[in-house]
Amino acid sequence: MVNEIPQQAAGLTSAEATNLLREIGANEVPRPPRVPLWSRISGQLRDPLILVLLAAAALTAAIGDIPDLTVIMLVVVVNSTVGVWQELRADRAVEALAAMTVPTSRVIRDGAEHEIASTEIVPGDLVLLGEGDVVPADGFGVESASLRIDESALTGESVPVDKQAGGDAEETTLRAGTVVVHGRGRMVVTRTGATSTLGRIAGMLDSRPLPTPLQRRMAELSRILAAAAVLLCLLVFVLGLVRGQSLELMAVTAVSLAVAAVPESLPAVVTLSLALAASRMARRNAIVRRLPAVETLGSVTVLATDKTGTLTEGSMVVERLWLPIGGTVVGSEPSASSGFVRAGRRVDAEHDHDVAALLRAGVLCSDATLLAGGQAAGDPTEVAILRAAAAVGLDEQVVEASQPRVAEVPFDSRRKRMSTLHEDGTGNWLVVCKGAPEQMVADGVVVGTADVLSAAHNRAHQWSADGLRVLAIATATHDELPAVDEIERGLTLLGLVGIFDPPRDAAQDTIGACRRAGVVPVLVTGDHAATATAIAGRVGIAEPPGNAVDLTGLTGPAVERSAEATVLARATPEHKLQLVETWQRRGDVVAMTGDGVNDGPALRRADIGVAMGRRGTEVARQAADLVLADDDLGTVVAAIEEGRRVYANIRRFLLYGISGGAAEIFVMIFGPAAGMPVPLLPAQILWINLLTHGLVGVALGAEPVDPARMQEPPRPPTQSVLGAGLWQRIAVAAVAVATASFASAIWATEDSSPSQTILFLTLGASQLAVALAVRAPRRHLTDDPWLFLAVLGASALLAAAVVISPLREMLDLSVPGLRGVLACLTGAVATYMVTRLMLRAASSW
């Protein structure tokens, strides 16, 4: 590090800068190391369900069951490939968002101005700052002229702050990642890269993602299935030996049933469901960085959202005007595109003139400018006034040309105002002053009757409490050029302007949808409590006046107690991180939305972090699980719906897959009691598993969403994937399949149909009937025909086992009679009816 920062006007020499760059390193936030391919593959193979399948593969290999070993390993390879491919695709998409032009900065080196890449800045550099520049590193100001900085990316506060050379520590401190919105200045760099404010916040990111609710639930299920598989192996093996069956036959049968107990297509169904959801979300400009994050949104119980740029537009608009003539209030609606739009209360012609006069004065006393294409440059509050003026027909260039500026008194944080002097073309001189109402009255800038000043004071106080930034605009006309110390004396108040950062169009609908889905929305922002409360009331997080908690100075237990509130203001990155951890400790699944550097640690620590792609910082994007490429907050609702769809389809498949395996086990255990020494051969069991757990299982994972799903509360985070009555439904379906199979076999044998063949056909057909019974609600068959097509294909393969001679011989089956065929169809229909009635009586999945 540099012990002594030079402050000479010539800045550093090129040699000094080169040596420091070599010693300290580039001025950039360290990115997380690229994950190698082998690590990604290893992570997929460590999935608990994949481990169970690998164990089953080892058993099948040990007994020489090559066909089933091939099927299991194919599932493992496909599942891992899809997972790795999705991770790589998401990383490339996020890198593309960050692939912008390398930022540059103007510095003084060797006594001359140079433009260099911001990554080459070192401590001691003298940096030149102008409007629109991003502050490249931490430092302190040594020269300033009306310098105003937007620090929202770091603090979350929407209003720019003033910076002055020679002021107190906060006024002179400049931080990396902030933006110059007004004025110019020079700064001496003190910290770069990882040691800067931006770098320190990025360093708070924990690179180890927590397991998602789905991963935790799948791990629990894997342990249950693994234990069940081992017990069944032993039970069937021992019972077979007791009945006098051969050791080799019972070994093969026991392993076959163990494989049946583990629905081997479950990992493929889970991965495919998540991949399809990620693909659907990608078409809506939402980039999923980790597949399990899709389902996590469906389990969210708390949505902690940032304000500036997330709930709000991130740009100021004129929302209210107050005129001293009768205390007129001109109502308005915020509009990001056109600024002030008169609406609601009718304004007569006289007041129209006064509104235009007020906004005309605001245009004259402004350093901002409107650019082509709806863009603007300058202080956001001044830009808001220009857009409001344009909305009522005032052209900025025409107004400024008619009364050109000849002098000005710049804005500073102590006076809280700026004044401009204009030649009005008639030999008179016009003074316009714009600033904080209370300061202008206290300093004698504005004069008037007690009634007018009192009304203005009350109105300004009310608007401030509503979260608006209030500016007073006053004017005076002189017939002679006024002295400098007379410019801000005896001005007449034209009115007040209330400026606000309005909510995004989709914000209220998003919050409303979250509430209907049982998700608790919480606003966490670095902005003022009044502003936070106002936004929260508008979007439906809290009704006005709200119950905002100001976190200034709070630490430890005090922050934890504040986690009960729905509006949390003046939050630092440390506060946000602690709040997320507090919610998680009490059992909530937390989603955190944000776009600033200050949101990064909380985005990473949350169960799912959602970052804005366009206006979001690189730190936020790298920390997030989901990146909204178009910054549309409404996509979060669609993601929640997709998450619930995925979870419902996984539970739908579990009901289908496990009940089928359990039915096979029932048949093998209790078949001998019904006079069937060997109810099914191992090859027959494996054929049924192959056709029922293949395309049909995958099709179940792609079932459409139930519209009623978003009207239900989220699943309790501690609930098992088999909870909420699912295991009872599995038992009912398994008993229905087994009973129908036994009954069909017994009835058909009266017509000399071979019982083993009828048992085989009915067991397979009944499982396919369960698949149709558990399908998602849909208006028409053509809405999503894939499940029906998959069942049709599986039914054809089932029939082929007895129709095609070589296959029939390989599976040791016979051709059934007419009674046998009717028995199979009757058993399948009965199973469908029982399962459908059971699900209709159930309240939810």
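How each quantity is defined
- Residues numbered from 1 in each chain as written.
- Predicted model: local features only at pLDDT ≥ 70, side-chain atom pairs only at ≥ 80, totals over all residues.
- Heavy atoms only, no water.
- Salt bridge = Lys/Arg side-chain N within 4 Å of Asp/Glu carboxyl O.
- Helix = DSSP H or I, 4+ residues; strand = E, 2+ residues; numbered from the N terminus.
- Buried < 20%, exposed > 50% of the residue type's maximum accessible area, 1.4 Å probe, protein only.
- Pairing = 2+ DSSP bridges.
- Axes fitted to C-alpha atoms, helices over the stretch in contact; angles between N-to-C directions.
- Contact = heavy atoms within 4.5 Å.
- pLDDT = per-residue confidence, 0-100.
- Phe/Tyr/Trp six-rings, centres within 6.5 Å; stacked < 30°, edge-to-face > 60°.
- Lys NZ or Arg CZ within 6 Å of the ring centre and 35° of its normal.
- Patch = residues over 30% accessible without salt bridge, like charges linked within 9 Å, V, L, I, M, F, W, Y side chains within 5 Å.
- Areas by Shrake-Rupley, 256 points an atom, 1.4 Å probe, with all protein chains shown as cover.

1. A look at the pattern of salt bridges
Reasoning step 1: Evaluation of the coordinates by the stated rule reveals 26 salt bridges.
Reasoning step 2: For Glu 382, the salt bridge is made with Lys 434, and the minimal N-O distance between the two is 3.2 Å. Of this pair, Glu 382 sits in helix α13 (residues 380-391) while Lys 434 is found in strand β18 (residues 429-435), placing the two residues 52 residues apart along the sequence. Neither residue differs from the other here; Glu 382 and Lys 434 are each classed as buried.
Reasoning step 3: Between Glu 408 and Arg 405 there is a salt bridge whose closest N-O contact spans 3.1 Å.

2. Digging into the sheet that holds strand β24 (residues 567-569)
Reasoning step 1: The mixed open sheet is built from eight strands, whose spatial order is β8-β27-β26-β25-β9-β22-β24-β23. With one partner strand each, in any of the chains shown, β8 (286-288) and β23 (548-550) form the two edges of the open sheet. Strand-to-strand twist in this sheet, taken as the mean axis angle between neighbours without regard to direction, amounts to 20 degrees.
Reasoning step 2: By the bridge criterion, two bridges tie strand β22 (residues 520-524) to β24 in an arrangement that is parallel. Bridge pairing links Val 524 to Leu 568 in β24.

3. A closer look at the pairing of strand β7 (residues 179-191)
When a strand is regular, its side chains alternate between the sheet's two faces.
Reasoning step 1: Both strand β3 (residues 126-129) and β7 contribute to a ladder of four bridges, which runs antiparallel. By the bridge assignment, Leu 128 is partnered in β7 with Arg 186.
Reasoning step 2: Direction of pairing for strand β4 (residues 138-150) relative to β7: antiparallel, over a ladder of 10 bridges. Bridge pairing in β7 places Ser 144 opposite Gly 185.

4. Observations regarding the side chain of Gln 767
Reasoning step 1: Position of Gln 767 relative to the elements: it lies in helix α27 (residues 755-773).
Reasoning step 2: A relative accessible area of 1% places Gln 767 in the buried class.
Reasoning step 3: Ignoring any residue separated from it by four or fewer positions in sequence, one finds Gln 767 in contact with Tyr 656, Gly 660, Glu 664, Ile 688, Thr 692 and Val 737.

5. Notes on the confidence of the model for the protein
Reasoning step 1: On average, the protein scores 80 in pLDDT, and the residues at 70 or more come to 82%.
Reasoning step 2: Averaged pLDDT values for the elements of the protein fall to 38 in strand β13 (residues 341-342) and rise to 95 in β18.
Reasoning step 3: For the stretch residues 332-350, pLDDT sits under 50, and the model shows 42 contacts to residues farther than four places along the chain or on other chains.

6. Thoughts on the packing of aromatic side chains
Reasoning step 1: Summed over all chains, the structure comprises one aromatic pair.
Reasoning step 2: One cation-aromatic arrangement involves Arg 148 over Phe 411; the distance from NZ or CZ to the ring centre is 4.2 Å.

7. Regarding helix α17 (residues 507-516)
Reasoning step 1: Every buried residue of α17 is listed here: Ala 507, Thr 510, Ile 511, Gly 512, Ala 513 and Cys 514.
Reasoning step 2: Contact partners of the buried residues in α17: β9 (302-305), β22, α18 (529-539) and α23 (634-670).

8. Thoughts on a nonpolar patch on the surface
Reasoning step 1: Taken together, the side chains of Trp 747, Leu 818, Val 821, Leu 822 and Leu 825 define a hydrophobic patch exposed on the protein surface, amounting to about 490 Å² of accessible area.
Reasoning step 2: Top contributing element to the nonpolar patch by residue count: helix α30 (residues 818-841), with four residues.
Reasoning step 3: Along the chain, the position of Leu 818 falls in helix α30.

9. Structural notes on unusual backbone geometry
Reasoning step 1: The phi torsion at Lys 416 lies on the positive side, around 60 degrees, for a residue other than glycine.
Reasoning step 2: By secondary structure assignment, the location of Lys 416 is in the loop between β16 (405-412) and β17 (417-423).
Reasoning step 3: Residue Lys 416 is classed as partly exposed on the basis of its relative accessible area of 36%.
Reasoning step 4: Not every positive phi belongs to a glycine, and Arg 570 is a case in point at roughly 55 degrees.

10. Details of the pairing of β18
Reasoning step 1: Taking burial as the measure, the seven residues of β18 include seven buried ones, the bulk of the element.
Reasoning step 2: Here β18 shows two buried faces, one formed by Trp 429, Val 431, Cys 433 and Gly 435 and the other by Leu 430, Val 432 and Lys 434.
Reasoning step 3: Sheet analysis places β17 next to β18, joined by seven bridges and oriented antiparallel. Directly across from Ser 419, in β18, lies its bridge partner Cys 433.
Reasoning step 4: Between β17 and β18, which follow one another and run antiparallel, lie five residues, and Gly 425 among them has a positive phi close to 90 degrees.
Reasoning step 5: Across seven bridges, β18 lies against strand β20 (residues 469-478) in antiparallel orientation. Counterpart to Cys 433 in the pairing with β20 is Ala 474.

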